[in-house]
Amino acid sequence: MENVAYDIRSRIVSNKYRTSLNDTVRVCFYARVSTQHEAQINALSNQLEWYNSVLRDHPNWEKVDIYVDQGSSGTQAENRQGFMRMIHDAANNQFDLICTREVSRFARNTVDSLSYTRKLRNMGVEVYFYNDNIWSCETDGELRLTIMSAMSQEESKHISERVLAGQKISRQKGVLYGNGNILGYRLIKGKTSMENTYEIVEEEAETVRMIYDMYLSGMGVKAIASKLVMLKRKQAYGGYRWESSSVLRILNNKTYAGYIGYNKSYTKDFLEHERVNVYDRSQYEYVKGDFPPIISEEKWNRVQALKSKKVVCINGENRGKAIPKDKWCRHLVCECGSSYKKYKWRTNQSGEECNGYQCRHQIRYRKKSFREKNGLDGTGYCDVPSICEWKLDFMAKNILYRLWKDKKASVEELLRDVHDNYVIEEEIRNNEYQTEKLRRELERLRNRKSNLMDMRLDNMIAKPEYEMKYNAIVERMEEVEKELSMISHVQPVIEPVDVEKELGRIKEFLERVCDLEQKQLSDELIDSLVARITPTEEGVFKWYIQSEDYDMETTFDESNYVLYDKFTLTFEEAKQYRKSFGNFIRARQWKDLIVEVYVRNS
């Protein structure tokens, strides 16, 4: 039955031949421009005027409606509200003919052009493409429409390619995109997009600097978000709602270091026009901007390096990971790439608990030898033995004795440098902070007052609105000046600082941290010394000594290190070491430790 109905409708006489004044043709017009730019809006106005001239040439046509889409692409009909409303009205038999200027205005997608003209023909509605002189209900209408639609689709492809090429040139020139809704900055639009730039909004910039400083001090993003809510720091949109994700967006945004970021999203297909976000930040392209940075590039890099150490990649997806509390777990990485887990090895007769470390892959998936023995794939797994905790301290101390020829002299030299460069820095008092904050607010109010007066002189604002805003600004200026006056009369109380006492504390701390005679080395010393420890199946322990700028490295790269020293720790050395702490070892349980020390290749 459906095929019969289609055949009957397909033989509808084309409205092209309905010219009698007594034969009224109900017609609607469809117009579309693809952008909101002024030139395109003018083009739309010209289209609508042109349709009136078409009506004059067809006296028996009765205009029912005009459907318009502004700022929408022609490649996806479902995204055009005016177009879809027209299809809905056609189904309700509100007109006989749709008149549009050309095929590219109707659709740039061949499938859409054919499917919708067929659907409309089933409804008894014809489409007339004026410039192409195509009537969809004529015998050759569909063939000609197919050809023209294919040409329009190809044109859309070429336009997309030209846009991408233009965007590439814009990136090279550092064009600033976006609406400027970014905390800490205000977008200043130039005559062209090439002249767009940012200016710093100081009060918001303080929040950005605070976020970076708190993160570098060791606070997590969740704790930072809670702190910002407590301090009532505003978001870019003006609210006080802070979440972990909003803090992370700020920490990830290199705009704050004075750079413009590109390639953060792309159009998946020129027909679909679907934007796809790029989550792999290594694919982003950064260009130095001409606007002032809020934070230094060095600080931004340090934050990225710290974030990378808190992230683990699982199946290509980055996930947050907790930083281990144990110092050796923070630095041990197995030959197979797995981290290590601390466990209770045994309890000595004296009641002392001994701990060990084992590859997490072995704990979860068993050793490589076990898997191969049971017919399982051993690729990516290892047979690296577990290691007792005291052996790590034993190796670390021997490395330090070899690297650190005169520890006492080094500590004394460091203390002399601290003493010579020690500066008593007065703590920033709350009233000093408030004074600076109020001064900046007063300056902003003066600028707003001046701008408001200019707007009134140019008749850009009505007198009642002007007076209301002017009075509010003046009132607030008086309040700020009064607060400044009150603060200026309050003298901060500065407590005297005992320099020798402070230096004594520093000396005590250094001696405790650098003490190589204690049974277990301090966490601070190991964290400042070691970048990574890699045990191998052959019994070799690779120690990578970090450089001064290690905290700037986002990823560990073994190729950046060179072999500096290699030595073997024998049973006799281990026996003497254990004896010095009241412990012992058995010769049959011992295997010599081969230690390789790597340093950063400068």
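Only a predicted model underlies this, so the values are computations on that prediction, with no experimental measurement involved.

What counts and what doesn't
- Position labels on residues start from 1 in each chain and follow its written sequence.
- Only residues with pLDDT of at least 70 are given local features in this predicted model, and only at 80 or more are side-chain atom pairs given and counted; all residues enter the totals for whole chains, interfaces and linings.
- Excluding hydrogens and water, the side-chain values take into account all heavy atoms of the structure.
- Secondary structure elements are taken from DSSP: a helix is a run of H or I of four residues or more, a strand is a run of E of two residues or more, and numbering for both begins at the N terminus.
- Note on classification: 1.4 Å probe, protein chains only; a residue is buried when its accessible area is under 20% of the maximum for its type, exposed when over 50%, partly exposed between these limits.
- Whether two residues touch is decided by their heavy atoms; if any such pair falls within 4.5 Å, the residues are in contact.
- Computed by Shrake-Rupley with a 1.4 Å probe, the accessible areas treat only the displayed protein chains as cover when residues are assessed.
- For every residue, the predictor reports its confidence as pLDDT, a number between 0 and 100.
- A pair of aromatic rings is counted whenever rings of Phe, Tyr or Trp (Trp by its six-membered ring) have centres within 6.5 Å, and the orientation is called stacked for planes under 30 degrees apart, edge-to-face for over 60 and tilted otherwise.
- Here, strands pair whenever DSSP counts at least two bridges between them.
- For helices, the fitted axis covers only the stretch in contact; all axes are lines through C-alpha atoms, and the angles between them, taken along N-to-C directions, range from 0 to 180 degrees.
- Identification of polar contacts relies on pairs of N or O atoms within 3.5 Å, with a donor-acceptor requirement for protein atoms, meaning one able to donate a hydrogen and the other able to accept it, and with residues adjacent in sequence counted only if both atoms are side-chain atoms.
- Count a disulfide wherever a pair of cysteine sulfur atoms falls within 2.5 Å.
- Grid points spaced at 1 Å and placed over the protein atoms alone form the basis of the search, with a cavity being a set where a 1.4 Å probe fits but cannot get out and a pocket an open set showing protein on both sides within 12 Å along at least five of seven lines. Lining residues have an atom within 4 Å of a point.
- Grid points are joined across faces, edges and corners, and a volume is the space filled by probe spheres set on the points.
- In this classification, Asp, Glu, Lys and Arg are treated as charged, Ala, Val, Leu, Ile, Met, Phe, Trp, Tyr, Cys and Pro as nonpolar, and every other residue, Gly included, as polar.
- Roughly parallel here means an angle under 35 degrees, roughly antiparallel means over 145, roughly perpendicular means 65 to 115, and every remaining angle is called oblique.

A word on the overall build of the protein chain
Logical step 1: A tally of helices and strands in the protein chain yields 19 helices and 20 strands.
Logical step 2: Within the protein chain, the fraction of its 602 residues that count as buried is 37%.
Logical step 3: Relative to all contacts within the protein chain whose residues are 6 or more apart in sequence, the contacts with residues 24 or more apart total 64%.
Logical step 4: With an accessible surface of roughly 36,000 Å², the protein chain has 49% of that area assigned to carbon and sulfur atoms.

Quick look at the confidence of the model for the protein chain
Logical step 1: Looking at the protein chain as a whole, the pLDDT averages 78, with 73% of positions reaching at least 70.
Logical step 2: The model gives residues 1-11 a pLDDT under 50, and that stretch makes 6 contacts with residues more than four places away or in other chains.
Logical step 3: Low confidence marks residues 36-41, where pLDDT is under 50. Its contacts with residues over four positions away, or in another chain, come to 8 contacts.

Some remarks on the packing of aromatic side chains
Logical step 1: Here the structure, examined in full by the defined rule, presents 23 aromatic pairs.
Logical step 2: Considering the side-chain rings of Tyr-544 and Tyr-561, the 5.4 Å spacing of their centres and the 80° angle between planes classify their relative orientation as edge-to-face. Within this pair, whereas Tyr-544 is found in strand β18 (residues 540-545), its partner Tyr-561 is found in strand β19 (residues 561-569), the two being separated by 17 residues in sequence.
Logical step 3: Judged by its relative accessible area of 1%, Tyr-544 is buried.
Logical step 4: With centroids separated by 5.0 Å and ring planes inclined at 25°, the aromatic side chains of Tyr-544 and Tyr-598 adopt a geometry described as stacked.

Here we look at the sheet that holds strand β20 (residues 593-600)
Logical step 1: One open sheet accounts for 4 strands, arranged β17-β18-β20-β19; its pairing is mixed. Every interior strand has two partners, whereas the edge strands, β17 (530-535) and β19, have only one. Here the strands of the sheet are splayed against their neighbours by 20° on average, with no regard to which way each runs.
Logical step 2: With 6 bridges connecting them, β18 and β20 associate as parallel partners. Across the sheet, residue Ile-545 finds its bridge partner in β20, namely Val-599.
Logical step 3: Sheet contacts for helix α13 (residues 389-403): β18, β19 and β20; angle to β19, the most-contacted strand, approximately 115°.

What about the side chain of Asp-326?
Logical step 1: Mapped onto the secondary structure, Asp-326 falls in the loop between β13 (317-320) and β14 (340-347).
Logical step 2: A distance of 3.1 Å separates a polar atom in the side chain of Asp-326 from the backbone nitrogen of Cys-329.
Logical step 3: Excluding residues within four positions of it along the chain, Asp-326 makes contact with Lys-342, Tyr-357 and Glu-389.

Quick notes on the state of the cysteines
Logical step 1: Following the criterion strictly, the structure yields 0 disulfides and no others.
Logical step 2: The structure places no disulfide on Cys-382, whose sulfur is separated from the nearest cysteine sulfur, that of Cys-334, by 3.5 Å.
Logical step 3: According to the relative accessible area criterion, Cys-382 is buried, its value standing at 4%.

Some thoughts on empty space enclosed by the protein
Logical step 1: Summed over all chains, the structure comprises 1 cavity of 30 Å³ or more.
Logical step 2: The space that makes up the largest cavity amounts to roughly 30 Å³.
Logical step 3: Residue lining of the largest cavity: Thr-117, Arg-118, Arg-121, Ser-136 and Glu-142, and that is the complete set.
Logical step 4: Among the elements that line the lining of the largest cavity, the one with the most residues is helix α5 (residues 110-122), at 3 residues.
Logical step 5: The residue inventory of the lining of the largest cavity, partitioned by class, reads no nonpolar, 2 polar and 3 charged.

Topic: the packing of helix α9 (residues 244-252) against helix α10 (residues 297-308)
Logical step 1: One way to put it is that α9 packs onto α10 with a least axis distance of 10 Å and a crossing angle of 125°. Taken together, the axis directions place α9 and α10 in an arrangement best described as oblique. Between α9 and α10, the contacting residues are Leu-248, Leu-251 and Asn-252 on the first element and Trp-300, Val-303, Gln-304 and Lys-307 on the second.
Logical step 2: Among the residues forming the contact of α9 with α10, the class breakdown is 4 nonpolar, 2 polar and 1 charged.

Considering the sheet that holds strand β15 (residues 353-359)
Logical step 1: If you trace the 3 strands from one edge of the open sheet to the other, you get β14-β15-β16, paired in antiparallel fashion. Sheet topology places β14 and β16 (387-388) at the edges, where each strand pairs with a single neighbour.
Logical step 2: Sheet analysis places β15 next to β16, joined by 2 bridges and oriented antiparallel. Among the inter-strand pairings, Gly-356 is bridged to a residue of β16, identified as Cys-388.

Quick notes on the pairing of β17
Logical step 1: Counting buried residues in β17 gives 5 out of 6 residues, a clear majority hidden from the surface.
Logical step 2: Between β17 and β18, which pair antiparallel in sequence order, lie 4 residues; one of them, Gly-539, sits at a positive phi of approximately 90°.

Description of the pairing of β18
Logical step 1: Burial of β18 is extensive: 5 of the 6 residues sit out of reach of the surface.
Logical step 2: Note: β17 against β18, 5 bridges, orientation antiparallel. Note on β18: the bridge partner recorded for Ile-533 is Trp-543.

Some words on the environment of Ile-200
Logical step 1: Tracing the chain through its elements places Ile-200 in strand β7 (residues 197-200).
Logical step 2: On a C-alpha basis, the gap between Ile-200 and Leu-183 in space is 9.3 Å, while along the polypeptide they are 17 residues apart.
Logical step 3: Apart from the residues within four sequence positions on either side, Ile-200 is in contact with Gly-184, Tyr-185, Ala-205, Pro-292, Pro-293 and Ile-294.

A few points about unusual backbone geometry
Logical step 1: In this structure, Asn-133 takes a positive phi of about 55° despite not being glycine.
Logical step 2: As for its position among the elements, Asn-133 is in the loop between β4 (126-129) and β5 (134-135).

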